[in-house]
Every structure is written in structure tokens, then in C-alpha cells.
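The residues making up each chain are set out below.
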Amino acid sequence: KEQQVSQDCAQTRRAGFNASGVYTLHVANMTDPRKVFCDMETDRGGWTVIQRRANGSVNFQRKWKEYKQGFGDPAGEYWLGNEAVHLLTSQASYSLRVELLDWEGNQAYAHYETFRLGSEHHLYRISLKGYSGTAGQQSGLVLQGTNFSTRDSDNDNCLCKCAQMLSGGWWFDACGLSNLNGIYYPAKHNVRKLNGIRWHYFQGPSYSLKGTRMMIRPSDF
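Residues numbered from 1 in each chain as written. Predicted model: local features only at pLDDT ≥ 70, side-chain atom pairs only at ≥ 80, totals over all residues. Heavy atoms only, no water.

- Per an unreviewed UniProt entry, the protein goes by Fibrinogen C-terminal domain-containing protein and derives from Terrapene triunguis.
- Here the protein is described in UniProt, under the heading Subcellular location (unreviewed entry), as follows: "Secreted". (UniProt positions renumbered as here; feature names shortened; annotations may be inferred.)

1. Let's talk about the packing of aromatic side chains
Working step 1: In this structure the tally under the stated criterion is 13 aromatic pairs.
Working step 2: Centroid distance W64 to F148: 6.1 Å. Interplanar angle 65 degrees. Geometry classified as edge-to-face. Placement of W64 in helix 2 (residues 64-69) and of F148 in the loop between strand 8 (126-133) and helix 4 (162-166) is noted, with a sequence separation of 84 residues between them.
Working step 3: By relative accessible area, F148 is classed as buried at 0%. (Phe/Tyr/Trp six-rings, centres within 6.5 Å; stacked < 30°, edge-to-face > 60°. Helix = DSSP H or I, 4+ residues; strand = E, 2+ residues; numbered from the N terminus. Buried < 20%, exposed > 50% of the residue type's maximum accessible area, 1.4 Å probe, protein only.)

2. Overview of the side chain of S208
Working step 1: Its location among the elements puts S208 in the loop between helix 5 (200-203) and strand 11 (211-218).
Working step 2: According to the relative accessible area criterion, S208 is buried, its value standing at 0%.
Working step 3: S208 has contacts with W103, I183, Y185, N190, K193, G196 and I197, leaving out every residue within four places of it along the chain. (Contact = heavy atoms within 4.5 Å.)

3. Side note on the environment of T212
Working step 1: By the secondary structure assignment, T212 is in strand 11.
Working step 2: Taking the relative accessible area as the measure of exposure, T212 reaches 2% and is therefore buried.
Working step 3: Sequence spacing of T212 and L177 is 35 residues, and the spatial spacing of their C-alpha atoms is 15 Å.
Working step 4: If we skip the residues at most four places from it in the chain, T212 touches Q51, R52, R53, E99, L100, L180 and I197.
Working step 5: A distance of 3.0 Å separates the side chain of T212 from the side chain of Q51, its partner in a polar contact. (Polar contact = N/O pair within 3.5 Å; in protein donor to acceptor, adjacent residues only side chain to side chain.)

4. Overview of the environment of R44
Working step 1: In this structure, R44 sits in the loop between strand 2 (34-39) and strand 3 (47-53).
Working step 2: When its relative accessible area of 48% is taken as the criterion, R44 is described as partly exposed.
Working step 3: With 38 residues separating them along the chain, R44 and N82 place their C-alpha atoms 25 Å apart.
Working step 4: Among residues more than four places away in sequence, those in contact with R44 are R13, R217 and F221.
Working step 5: For R44, the side chain forms a polar contact with the main-chain oxygen of F221, separated by 2.6 Å.

Structure representation (C-alpha cells):
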């Protein structure tokens, strides 16, 4: 059967596609269709993967425009793009699931009941509510919301420049408790790395993780 026109993986799942893989989405108000990875298995499936790190094959040291438009390979490592995520999350209520994997084989996840990204005009400010999960008793993302920063667009709450010091584009706050878009460090070179892929409450402030995924789906799925 042919894939219907879907704007997220939940619609694709409801249309009867239950295999995880790369699908084409037509997000409302975006001119070009987007290829994304849909997770159709985790917790009933229907997840649109918006970020994935697995092996360091894609460089996440990018500028504002690239984080806006998206980059990488939907079958591998990629960032879907802030504009697409803003458009999706501004027209319905979405949940966010963050998955973390360390080099010892431990996994953890963080679930946010509601997740939204503001417009570019609002610096893709993140809004989160309702944290639960196994990735620490507290959230690794600031719940009251922070703006997105890249090395060429410093919007954090620090006099320093977090994106330049810590690398990658992220919601840094005052450099903050997480950065899943940091530098990918291989095994045995992943400790004492403040600019790596980190989630403070999972493996501490300077442990760079092996793998991460961020994915969203409508809250009412």
C-alpha cells in the first residue's frame, strides 16, 4: 500500500504502517516534504524522530540556519530542523521522549507530557511540562523554557557563549544540564568531556553518551 500524505509519524501509524523506518512527511506550511525516521514500536509507536546520535558519522557543529532547516541522514544521524518541529508542535499538543544510551549498555529515557518550540522570531524557545522517566529524578532540560543557541547565535542566559564553549546547537540556559548535540567522543575517550553529548542526571556533567534519540508524537495518540 502507498503511504498517505501524513504530516507526522502518528498519522502514518494510524494509516496502518507499523514498520519502523524512513518515511516522507508533508508538514503543514512547509514547502518541501521531509524524510524522517518513524519509530513504530516504542510505547505503541507513532513517534517522529527529531534527533539521533549513534556513531559520530554526522557533524553537529552547525550554524543557526542549518539547525533551522535540518541536516544529516534520516536513516542514521540527523536533526530534523527547528522550523519543522516548531510548525508541528504549534498546531497540536505534542509529547517529547528523549532516549539515552551510555557506553556500558545502560539505557534511560525522559518523557515530557507536553513539548512545544516557539517560532524563529522567539528563538525556537522550548516549552516543556510533565517530566517523568528514568533519566534522573529531575529533568535535564530546563522546564521553564530556554532559547535555542548556536555558535553564531548566542541566546543563552550566560554572559559566556555556551554554544562556543560546549559546541553544537541546544537550549543551553546558563550552559545547563544537557547537550545532546555536543561532540561525539568514541569509547574510552568519552569521560571528562564538557563539550560532549551529555545529560547531567543520567551519567554526570562530563560523561559523553554513546547514543541519543529525541522523538515526538501527539499527546492524544
